[in-house]
Amino acid sequence: MAGRDISREEALSRLDQKHACHILLYADSKAKLFGKIPIKHIVLMQMRFDGLLGFPGGLVKPSEESLEAGLSRELQEELGAAVSVSVNDYVSSHLAQSPPHLILHFYSKKITESVLLEIERAAVSNAVDHGFEVLGLTRVPLYTLRNGGGLPWFLSHSFISNSRAQLLEALRRLELVSPQNLEEAVKKAEEMRHIVKSDPPH
Ligand SMILES: O=c1[nH]cnc2c1ncn2[C@H]1C[C@H](O)[C@@H](COP(=O)(O)OP(=O)(O)O)O1
Ligand SMILES: [Mn+2]
Ligand SMILES: [Mn+2]
Ligand SMILES: [Mn+2]
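Here we summarise the structure given alongside this text. Owing to the predicted nature of the structure, the values given are computational and were not obtained by experimental measurement. (Residues numbered from 1 in each chain as written. Chains lettered and ligands numbered in written order. Predicted model: local features only at pLDDT ≥ 70, side-chain atom pairs only at ≥ 80, totals over all residues. Heavy atoms only, no water.)

## Some words on the overall build of the chain
- A count of helical and extended segments in the chain gives six helices and ten strands.
- Against the 2.2 N^0.38 benchmark of 17 Å for 202 residues, the chain shows a C-alpha radius of gyration of 17 Å, consistent with a compact globule.
- By its C-alpha atoms, the chain is 50 × 35 × 35 Å across when sized along the principal axes.
- Counting across all 202 residues of the chain, residues that qualify as buried make up 46%.
- Long-range contacts, defined here as pairs at least 24 residues apart, represent 66% of the contacts in the chain between residues at least 6 apart. (Helix = DSSP H or I, 4+ residues; strand = E, 2+ residues; numbered from the N terminus. Rg over C-alpha atoms; globule rule 2.2 N^0.38 Å. Buried < 20%, exposed > 50% of the residue type's maximum accessible area, 1.4 Å probe, protein only. Contact = heavy atoms within 4.5 Å.)

## Focus on unusual backbone geometry
- The linkage connecting S98 with the following residue, P99, adopts the cis geometry, with an omega of -5°.
- Residue position: P99 is located in the loop between strand 8 (90-96) and strand 9 (103-110).
- For K40, which is not glycine, the phi dihedral falls at a positive 65°.
- Position of K40 relative to the elements: it lies in the loop between strand 4 (37-38) and strand 5 (41-48).
- Look at K40 and you get exposed, because its relative accessible area is 52%.
- At E175, a position not held by glycine, the phi torsion is positive, near 55°.
- Locating E175 in the fold gives a position in the loop between helix 5 (163-173) and helix 6 (179-197).

## A closer look at the site of ligand 1
- Near ligand 1 there are 18 residues, and of these R48, F55, E78, S161 and Q166 occur at the shortest range.
- For ligand 1, an oxygen atom lies 3.0 Å from a polar atom in the side chain of H22.
- In the model, an oxygen atom of ligand 1 is placed 3.0 Å from a nitrogen or oxygen of the L59 main chain.
- Computed on the free molecule, ligand 1 has an accessible area of 530 Å², of which 85% lies beneath the protein chains in the complex.
- Judged by the proximity of its atoms to the pocket grid, ligand 1 belongs to the largest pocket.
- Of all the secondary-structure elements, those providing two or more residues to the shell around ligand 1 are strand 2 (19-28), strand 7 (57-60), helix 2 (67-79) and helix 5.
- Broken down by element, the residue count for the shell around ligand 1 peaks at three residues, all from strand 7.
- Split by residue class, the shell around ligand 1 holds six nonpolar, eight polar and four charged. (Near = heavy atom within 4 Å. Polar contact = N/O pair within 3.5 Å; in protein donor to acceptor, adjacent residues only side chain to side chain. Areas by Shrake-Rupley, 256 points an atom, 1.4 Å probe, with all protein chains shown as cover. 1 Å grid on protein atoms, 1.4 Å probe; cavity = no way out; pocket = protein on both sides within 12 Å on 5 of 7 lines; lining within 4 Å. Sits in = over half its atoms within 2 Å of the grid points. Nonpolar A, V, L, I, M, F, W, Y, C, P; charged D, E, K, R; others polar.)

## So, the coordination of the manganese ion (ligand 3)
- The coordination sphere of the manganese ion (ligand 3), as far as protein atoms go, consists of G57 (O) and E78 (OE), spread over 2.1 Å.
- Between the two metal centres, the manganese ion (ligand 3) and the manganese ion (ligand 2), the spacing is 3.3 Å, with E78 acting as a shared donor. In this pair, G57 is assigned in strand 7 and E78 in helix 2, connecting sequence segments 21 residues apart.
- Taking relative accessible area as the criterion, G57 reaches 4% and is therefore assigned buried.
- Judged by relative accessible area, which is 4%, E78 ranks as buried. (Donors = N, O, S within 2.8 Å, 3.2 Å for Na, K, Ca; no water.)

## Examining the coordination of the manganese ion (ligand 2)
- E74 (OE), E78 (OE) and E133 (OE) make up the full set of protein donors to the manganese ion (ligand 2), lying at 2.1 to 2.8 Å.
- For the manganese ion (ligand 2), the single-chain donor residues occur in sequence as E-x3-E-x54-E.

## Some words on the environment of R139
- Within the secondary structure layout, R139 lies in strand 10 (residues 134-139).
- Apart from residues no more than four positions distant in its own chain, R139 is found in contact with I39, I42, V43, L44, L116, L117, E120 and F154.
- Side-chain polar atoms of R139 contact the side chain of E120, separated by 2.9 Å.

This is the structure we're talking about:
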């Protein structure tokens, strides 16, 4: 998705434009897939009402609330849980090209595995948006299996606005996936998108 990164200061000077805040919540984990493949970290995304993957969060009104207060409000609606977000969790701001002039703020926050499990439970039982704006929380598989399953297939899905770029940048910056594994997963995902597109209709 085209557009350009802008500073938080420039973003906050553009109060006449629409702003949205989204967050990557993650935790370390000792759990193993099939009892043998360490998952290492749990990263949360969501399946949106429009069938696209994205992060929890939403539209905020910086003229009436801080970015962090707006994001916390959205998280209460979409996750059914109070997640305290501070300016220390802020990562970047992006001026989107489409839809024009939407400013996208991105956050990431490390939580414990037990808090993350609590959020997953609350999202189903508590969140007012569950089943409507948000069809479900999903974990991002960070491993790549021998047949390409895992991160490559996940990356071959469709993502809202710049959330795929936000995910890749965060996985790299937070060292949740090694640069080499990430590069290989992105390459494989491209091949897989090509395979899916060229599949004949049933
Ligand atoms: O995860 C995201 N990363 C970057 N931009 C996003 C993400 N999710 C949505 N968006 C963009 C495109 C949307 O139209 C706006 C508003 O976000 P949304 O979550 O749909 O807003 P509400 O929850 O309905 O307030 O941001
Ligand atoms: Mn919302
Ligand atoms: Mn939302
Ligand atoms: Mn909203």
